[in-house]
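Coordinate inspection notes
Read off the chains here:
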Amino acid sequence: METADFMPDEAVISGIRKDIERYEAQRASAVRRVRWRVPLFVGLALVAVVLIAWLFNTVADPNEQWLSTPHVFLYVLGLAASILLYFQARRPAARLQQSFRQTLLPMIFGFVRDMRYQHGGRPNSFDRLPREAVGSFNRQSFDDVISGRYEDFPFELYEAELREGSGKGSTRAFRGVIVAFEAIEPFPGILVATRRTNAVIGFFRGIFASKMQQLSSGVAELDAAYGFRSDNVEAARPLVTGRLARALQWLGETWPDDPARVALNGGDGFLLLPQTKNFFELPDISVPLDYGKHVAPMISDMGALLATAALVRKIGAKDEAGRAGPEQDQQS
């Protein structure tokens, strides 16, 4: 599909521009509030730290230095308080942007029926995502979550970050966009295709415990790049050597930065696109919002994500020839 296929008509765009004008008036007010709130809130925190440090130094033992343990603790506490107050000072801007996004997204994504949007909530489909597709993690966070119907199938699209460990020693298992969709034909088991990297070596140790078996697509370059695993090898083999292999080759051309992952789990399909980009973020409150620069790219990004999911969804479809793949579907 072309980008123009997803763009709203002139009447809708006119309405969007009017909403942007109203947002701009509120944005200007929020900018003025933030400009005095940030230095005031952070300044008060710093003044409080200096005064308390001076008091400590006045009543403390003369041999105690400014860099002694109580002082260092105070400085760390003051820094943490300054950071918290900084975000508190920016709350009017954050609330305005989130409120406007809740109004804007349903309007610009007119090709999504029955659309629902939430920010930071746990996606309904996440618990059905095969853990073999992302590896081990013990922390997860979600940003924008959008669900609805595209073409003839329901979907849930969300931005997620999954990490293993805690603090600075944690490692990232996945960060990007996950699109969950209803499979055309349920797969009798679990099938995953993930990139072969050193980051998932720890996960491979658990392959036998989870009763997942490896498969080969028969395409040397693809098998060198991807690992295919399933708990139902007989059902998985025709897909791995056919539609799934072609889909991954096509995805490699469409999303070349960081290879996509695909997972099937019964009636659920999952497309995982590793990305650092925040697809639906508005520009900083200090930047005027422009339809062409900021809103139109959101529409084309959302259209591309759902069109890609629609093509990947056809991996499990049955047809007489058994040859249809994303390349042919795209051309049609």
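Quick look at the structure, then. (Residues numbered from 1 in each chain as written. Predicted model: local features only at pLDDT ≥ 70, side-chain atom pairs only at ≥ 80, totals over all residues. Heavy atoms only, no water.)

**Quick look at the overall build of the protein chain**
Secondary structure summary: the protein chain contains 9 helices and 7 strands in total. In the protein chain, 69% of the contacts between residues at least 6 apart in sequence involve partners at least 24 apart. Accessible surface computed for the protein chain: about 17,500 Å², of which carbon and sulfur atoms make up 55%. (Helix = DSSP H or I, 4+ residues; strand = E, 2+ residues; numbered from the N terminus. Contact = heavy atoms within 4.5 Å. Areas by Shrake-Rupley, 256 points an atom, 1.4 Å probe, with all protein chains shown as cover.)

**Overview of the nonpolar core**
If you look at the biggest cluster of nonpolar residues, it comprises 73 residues, and the most contacted ones within it are Phe109, Leu271 and Met302. Tallying contributions element by element places helix 8 (residues 291-313) first for this core, with 13 residues. The contacts of Phe109, once residues within four sequence positions are left out, are Met115, Ile146, Phe280, Met298, Ile299 and Met302. (Core = buried A, V, L, I, M, F, W, Y, C linked by side-chain atoms within 4.5 Å. Buried < 20%, exposed > 50% of the residue type's maximum accessible area, 1.4 Å probe, protein only.)

**Brief notes about helix 3 (residues 91-108)**
Here helix 3 contains 18 residues, and its C-alpha end-to-end distance of 25 Å stays within 8% of the 26 Å for a straight helix at 1.5 Å per residue. All of the buried residues in helix 3 are Pro92, Ala93, Leu96, Gln97, Gln98, Phe100, Arg101, Leu104, Leu105 and Ile108. (Expected span 1.5 Å × (residues − 1).)

**Comments concerning the packing of aromatic side chains**
Across all of its chains, the model carries 13 aromatic pairs by this definition. Judged by centre distance (4.4 Å) and plane angle (20°), the rings of Tyr23 and Phe100 are stacked. Residue Tyr23 is found in helix 1 (residues 10-59), and its partner Phe100 is found in helix 3; the two are separated by 77 residues along the sequence. Of the two residues examined, Tyr23 and Phe100, each falls in the buried class. (Phe/Tyr/Trp six-rings, centres within 6.5 Å; stacked < 30°, edge-to-face > 60°.)

**Remarks on unusual backbone geometry**
Peptide bonds are mostly trans, and most non-glycine residues show a negative phi. With phi around 55°, Asp114 is a residue other than glycine that occupies positive phi space. Phi at Glu151 takes a positive value of approximately 55°, unusual for a residue other than glycine. Summarising the element assignment, Glu151 is placed in the loop between strand 2 (139-150) and strand 3 (153-164). A relative accessible area of 40% places Glu151 in the partly exposed class.

**Details of a nonpolar patch on the surface**
Taken together, the side chains of Leu79, Ile83, Tyr86 and Phe87 define a hydrophobic patch exposed on the protein surface, amounting to about 410 Å² of accessible area. Inspection of the secondary structure puts Leu79 in helix 2 (residues 69-89). (Patch = residues over 30% accessible without salt bridge, like charges linked within 9 Å, V, L, I, M, F, W, Y side chains within 5 Å. Salt bridge = Lys/Arg side-chain N within 4 Å of Asp/Glu carboxyl O.)

**Here we look at the packing of helix 6 (residues 233-240) against helix 7 (residues 243-254)**
Remark: helix 6 packs on helix 7, axes separated minimally by 4 Å, with the N-to-C direction vectors making an angle of 45°. Considering the angle they form, helix 6 stands oblique to helix 7. Here Pro238, Leu239 and Val240 of helix 6 lie close against helix 7, whose contacting residues are Arg243, Leu244 and Ala245. Residue composition of the contact of helix 6 with helix 7, grouped by class: 5 nonpolar, no polar and 1 charged. (Axes fitted to C-alpha atoms, helices over the stretch in contact; angles between N-to-C directions. Parallel < 35°, antiparallel > 145°, perpendicular 65-115°, else oblique. Nonpolar A, V, L, I, M, F, W, Y, C, P; charged D, E, K, R; others polar.)

**So, the pattern of salt bridges**
A side chain of one charge can pair with a side chain of the opposite charge if their charged atoms are brought near each other. Going through the model one piece at a time under the given rule, you end up with 12 salt bridges. Here Glu161 makes a salt bridge to Arg172, at a shortest N to O gap of 3.4 Å. Within this pair, whereas Glu161 is found in strand 3, its partner Arg172 is found in strand 4 (residues 171-195), the two being separated by 11 residues in sequence. A network of salt bridges, in which partner residues are shared, links Arg101, Asp144 and Glu281.

**A closer look at the pairing of strand 3**
Two strands pair when backbone bridges link them, and strand 2 and strand 3 are joined in this way by 10 bridges, in the antiparallel orientation. Looking at strand 3, one finds that Gln140 is bridged to Leu162. Following strand 2, the chain reverses through 2 residues before pairing antiparallel with strand 3; Glu151 in that reversal takes a positive phi of roughly 55°. The sheet contact formed by strand 3 and strand 4 spans 10 bridges and is antiparallel. (Pairing = 2+ DSSP bridges.)

**A word on the packing of helix 3 against helix 8**
Between helix 3 and helix 8, the shortest axis-to-axis distance is 10 Å and the interhelical angle comes to 55°. Classed by the angle they form, the pair helix 3 and helix 8 counts as oblique. Crossing hand, helix 3 versus helix 8: right-handed. Across from Leu104, Leu105 and Ile108 in helix 3, the residues of helix 8 making contact are Val295, Met298 and Ile299. In terms of residue class, the contact of helix 3 with helix 8 is built from 6 nonpolar, no polar and no charged. (Left-handed = near helix turned anticlockwise from the far one by under 90°.)

So yeah, pure geometry; function would need other evidence.
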